[in-house]
Every structure is written in structure tokens, then in C-alpha cells.
Amino acid sequence: MCGIVGYVGSQQAAPFLLQGLKKLEYRGYDSAGICELNGTLRIHKTRGRIADLESLLATEKIVGTIGIGHTRWATHGSPSDHNAHPHFDCTGNLAVVHNGIIENYQGLRQQLIAEGHCFLSETDTEVVSHLVEKHYQGDLLTAVAQAIVELKGSFAIAVLAKDSPGELVVVRQDSPLVVGLGNQENYLASDIPAILDYTRNVYILEDGEIARIKENSVDVFDMKLNLLEKTVFEVKWDPIQAEKEGYADFMLKEIHEQPKAVRDTIAGRMDEHGNLLIEREIPRNLVAGITKVQFIACGTAYHASLYGKHVLEEFLDVPIETDLASEYRYKRVKADQNTLLIVISQSGETADTLGAMRLAKAKGARVLAITNVVGSTLSREADAVMYTHAGPEIAVASTKAYTTQLACLCMIATYLKEQVSGEKEITLLQALANIPEQIESVLLAHEHRLEKYARRLLHATDAFFLGRGLDYASAMEGQLKLKEISYIHGEALAGGELKHGTLALIVAEVPVIALLTQETLIDKMVSNLKEVKARGGNILLLAQSNSGDFSDVGDEILLLPQTHCLLAPLLTVVPMQVLAYYAAKVRNCDVDKPRNLAKSVTVE
Ligand code: AGP
């Protein structure tokens, strides 16, 4: 996700801005820029790394003692010099940096253009520059407060004005911002690592707070500009802990980021009534007349494709296939111009996935990509892209990418159903809107219990994940999480297959994680679990809160919030991620960088 820094003081701003941006590099970015105020506002920005920005600055005299800086993780508008932040208004009197997603930027952009504003980028951010300009009557704080009233979505914003020297106005709404308190100088950053070398005393801004930062003062207001009392937070973390925002590992941080990641992925793609708004991303002509849908992906993304296949089979009559990309590319490709190929890849750079996609494309297939990286190879070669807005995923084990892929697949499946049959799935989409807070409640309710349960896996060699239907697809993801970070052999089993062989492996105390969320399959699945219990298997059961009493088959039962059966996988995966994480911790494994694995497999 993007990184923001700012400085107001008696020293030159540039050294802090560059140093602060470097501390935020771990968050992932594709471009960087700064703006300094020294009589005039001067913006220096470039696609690429901070080193490229430093090269750009080497020939400049950056003497301003107030400035803002930004590292961009592209969400709207590809990575480029002109899409990099900061962004001017029309007059060059205002400069803005932003982190987050302005959901209603398209309408605002059209309205502002109609009012005579000229846009230089494709970003959602630039609407903020022109909105503040529209409201600016000489007082920056008031103008910003009036402008943000028109914004919908998540935003951390910092604004500089040429004729309001000596002050920086910032806003926090769903995207983090901290203000570092110095001596004759004050700092701004998206999160704490960027300022730790300068101060450990910070104001942590809350949602809906606006701060006016000057050399010798920091005033914090609510949206109505009522002055607020803020408590100074003294940071006790070391720099590495700070990058993980206090979490022990990136994976645990990213598991906990899932509510926000799913919320950001849904944002702007559905209105409050459950009507889809994704035609901009998936044009009607891309899906008109399709006679077949094929999914290709690898690893966790492949497990997401199993979800996509299942949901699409509920909604469409055409054949729906899914293949491991590494298999697809070495067999006869049966795709044509009426095939919709849905390619899923967090990184958008996986060699097998790209190779398979190119083969299908050569046969005329229409390619829809689901990826987390704007400007990735996959995003550039696909005919259409639906981005997961999960933010950078640092840990090798994929977590928030998976849940946001499922959210995208749910929206795509309902969109295709609407296009083909005209029928809407309003109830499903309204239930999807509740998933972020339900993920939050699953973590709150069960993390501690799972940490304790994981201790039983200290010496485990095998663990089985059981499910039927969508629960079997979810079980595939659960076993991979456990395997890839704790090195315990995990295996997913279709409940009905147990008696065809695998039951021979179920012996006393072998851990079995069973998923029981698909209403029409509960009775069959309970029978399978009784087979397991009869052989001494120990069952951790994940079930929906009101689907029955399973105390005769579950040794440990985790009840999950009630949701649409097609959305249960977005909830069942969370306890399996958490269990895998704590099993790896108890076995002293390197959770974020497991042995032999890479985050993006760009080789075959
Ligand atoms: C899953 O936790 C692993 N990181 C791995 O299986 C990954 O899902 C796979 O390599 C595909 O990566 P992609 O989504 O970037 O294409």
C-alpha cells in the first residue's frame, strides 16, 4: 500500500522525506515523489524506486523546510511518472499525497472537469487536489475539511499550499497516519517506522481526524473542526517490530489485515443495495456469448479458482473448468474465442500462470485477470483486470490475497449471472458486505483458542483437512497453509472419499480439521466424521453458528458467524490460517520466509 511522509521544521525537509520513504519501502511500491515548499511548490516524482527519485533530486537544490513525500502502490492508474504522487491542483498552489481508495472518484472527476478543472493523471487521488482547490479561500484547514466531506472510501491525505507556508494539513479516514512530535520540528508518516529515528512521541490519528502540523504546534480537529485533546503515544517498538506494526510476523499482520483488505476490495464495486458496479472493469462484450469458462492458477490462487468454479457452476450452465497452470500448459489447449479464461495470480508474475494464459490467448480466449499488483505482467497482457485491493502481501504464505480473490470471484460470478440471465444475487452480495466484520469477529473469538490448540501439533507429522463441496475447496487451502509454514504434512480429503482408502491413515490422535458449513452436505459429512471418531481421530470442527449440535463428532468446535453458504469459505479459511501460523511458531519455523519457497515463482 502507499506510504506518506511529511516534515515541517527549521531544517531542510528533503533528508527526512527520503529517509522516511526508505523506511516505508517494505510496504511495496512502484513509484515515489516529494513536494517541497520554498516560496513555490516544487514536485519531483518518478516511476521506479526511491533511488531513482534520489537520482532525479541530485541535480536539484531542495532547500524547503516543509514538504511531503509518497511511495505509490498503484490501485487506479498504472505505475508511471504522471500517476506518481504528489499531485497539483490546476494552479500549482496546492499539492496532495494520498493513501487509500476514493470510491466515488469517477463521479467527482467528471463533475470537476465539468467545472473547468484539468486533470493530468488517471489516479483517484487527483480529485482531492482539485476538490481542495475548489474550496480554498485562503485557509487550508477549512478547505480540506470542506473537501473531504465529498469523498467516499478510505484515505490518508496530506496537503501543502503555496500561500499557506509553514503548515501541513492531513486527514485520516480508514488509512493510517501518525504525527511525530519533535523539537522545533514535527513529522508525518503512514506508520511508525518512518519516524522512529527522529522521535518516539507520536499522535496516532483516528478515523475522522484532521491535523494541522506546524513547526512548533500540532492541532488535531474532528471533521467539524472542533479542537481535540490528543494523548501522546510513546513508541516502545524497535524498527523491525514497527514495520510489522507490533505483530510478531508479517503473516500474522496480514491475517489481521483481511477485514480491511476485503473491505477495500469490495469498496466502489457494489452500492449499498447490493447492486454491482464492475462493468467498468469487466466490459459486457468480454463476457457476451461465452460458451465455456476456464480457470488457471497455481498454489493458493488455484484453490481460489476451485471456489470460483464451484460458485460459477451454481450460476451458469456453460462448462466451468479449472486447471493448475503448470498442467494446463502441457496438454492440448481447448480454448477458443468464446472461452472466458479467468487467470488468478497475487503477484501477476508466476511463470506457469503466464505461460498457460498465453497459450489460451493464442487460441482466442478472452482473458480476465484477478491480481493484486497493478502493472504486473498479467495485468498488462489480460483483456480485463479486476484488482484485489489487499495491499502488498509480504509473507510467502498467501492469506489476504486469497480472501480478496474469493471476494472478487463472488462479484464476478454474480456479474456473469446477471449478464447471462438478468437475475441479480442481491442477498449474496449484501452478505458479502458483512464479511469484513465477520472475519474480525472470527479472529477475536478464536485466535487465542487456536494458539493453544496449535501446541498439540508440536510433534505432529500429519494432519487431515476434511470437507465436502465448497468445504473441500477450502480444505485444500487449509492444508497448504499448514504444510508450507509448519512443514507438517497436510492433506485435504473429500469427505466421501475417506472410505476409498484414506481412512487407513486415520488413527488415534491424528489431527483432523473438519469443515461443516454446506447445509445440504452436513448429514453426509457428519457420517464421515463419525467414521473418523470411531478410529480415534481427533477432530477440530469449523461450523456455522446455528447449524446444529456436533458435540458427538467435534473434540474442539469453532463456531463461525452465520453467512451465505457460498461465502462460508471466506470465514473458514481464517482459523486454518491462524492454526497454521501458530503451529509454525510452536515448531520454531520461519513463518514469513519458509524454507525452499519464494513469494513469487517467476521461474518454471
Ligand atoms: C501460497 O501461500 C504460496 N505463496 C504459493 O502457493 C502461491 O499461491 C503461488 O505461488 C501462486 O502465486 P501467485 O498468486 O502470485 O501467482
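Computed from a predicted model, the values in this text were never measured in an experiment. (Residues numbered from 1 in each chain as written. Predicted model: local features only at pLDDT ≥ 70, side-chain atom pairs only at ≥ 80, totals over all residues. Heavy atoms only, no water.)

In space, the 8 strands of this open sheet follow the order E3-E2-E4-E1-E10-E9-E11-E14, with antiparallel pairing throughout. This sheet does not close on itself; its edge strands, each paired only once, are strand E3 (40-47) and strand E14 (233-234). The pairing of strand E2 (residues 31-38) with E3 spans 8 bridges and is classified as antiparallel. If you follow Cys 35 over to E3, its bridge partner there is Ile 43. Sitting on the sheet, helix H1 (residues 13-23) is in contact with strand E1 (3-9), E2, strand E4 (66-72) and strand E10 (185-189), with an inclination near 155° to E1. The strands touched by helix H2 (residues 50-58) within the sheet are E2, E3 and E4, with E3 carrying the most contacts at an inclination of about 135°. (Pairing = 2+ DSSP bridges. Helix = DSSP H or I, 4+ residues; strand = E, 2+ residues; numbered from the N terminus. Contact = heavy atoms within 4.5 Å. Axes fitted to C-alpha atoms, helices over the stretch in contact; angles between N-to-C directions.)

Attention now moves to the pattern of salt bridges. Here the structure, examined in full by the defined rule, presents 30 salt bridges. Between Asp 219 and Arg 212 there is a salt bridge, and its shortest N-O distance comes to 3.5 Å. A relative accessible area of 23% places Asp 219 in the partly exposed class. Since its relative accessible area comes to 18%, Arg 212 is described here as buried. A salt bridge links Lys 417 to Glu 423; the nearest nitrogen and oxygen atoms lie 3.8 Å apart. Among the residues examined, Lys 417 registers a relative accessible area of 11% and is labelled buried. Judged by relative accessible area, which is 45%, Glu 423 ranks as partly exposed. Connected via shared salt-bridge partners are Glu 36, Arg 42 and Glu 60. (Salt bridge = Lys/Arg side-chain N within 4 Å of Asp/Glu carboxyl O. Buried < 20%, exposed > 50% of the residue type's maximum accessible area, 1.4 Å probe, protein only.)

On the basis of which strands lie adjacent, the open sheet formed by 5 strands has the order E16-E15-E17-E18-E19 and parallel pairing. Edge positions in the sheet fall to strand E16 (320-324) and strand E19 (384-387), since each has one partner strand and no second. For this sheet the average axis-to-axis angle between neighbouring strands, irrespective of direction, equals 20°. The sheet contact formed by strand E15 (residues 292-297) and E16 spans 5 bridges and is parallel. Along E16, the bridge assignment pairs Ala 297 with Leu 324. Across the sheet, helix H10 (residues 299-315) touches E15, E16 and strand E17 (339-345), and the angle it forms with E16 is around 170°.

A few words now on the environment of Leu 359. With respect to the secondary-structure elements, Leu 359 resides in helix H12 (residues 351-362). Between the C-alpha atoms of Leu 359 and Arg 329, which are 30 residues apart in sequence, the distance is 6.9 Å. Discounting residues that sit within four places of it in the chain, Leu 359 has contacts with Arg 329 and Val 333.

This brings us to H12. Under the 1.5 Å per step criterion, the end-to-end length of H12 is 17 Å for 12 residues, consistent within 8% with the ideal 16 Å. All of the buried residues in H12 are Ala 351, Asp 352, Thr 353, Leu 354, Gly 355, Ala 356, Met 357 and Ala 360. Here the buried face of H12 lies against E15, helix H11 (325-328), E17, strand E18 (366-371) and helix H13 (377-381). The first or second residue beyond H12 is Gly 364, which carries a positive phi of 100°. (Expected span 1.5 Å × (residues − 1).)

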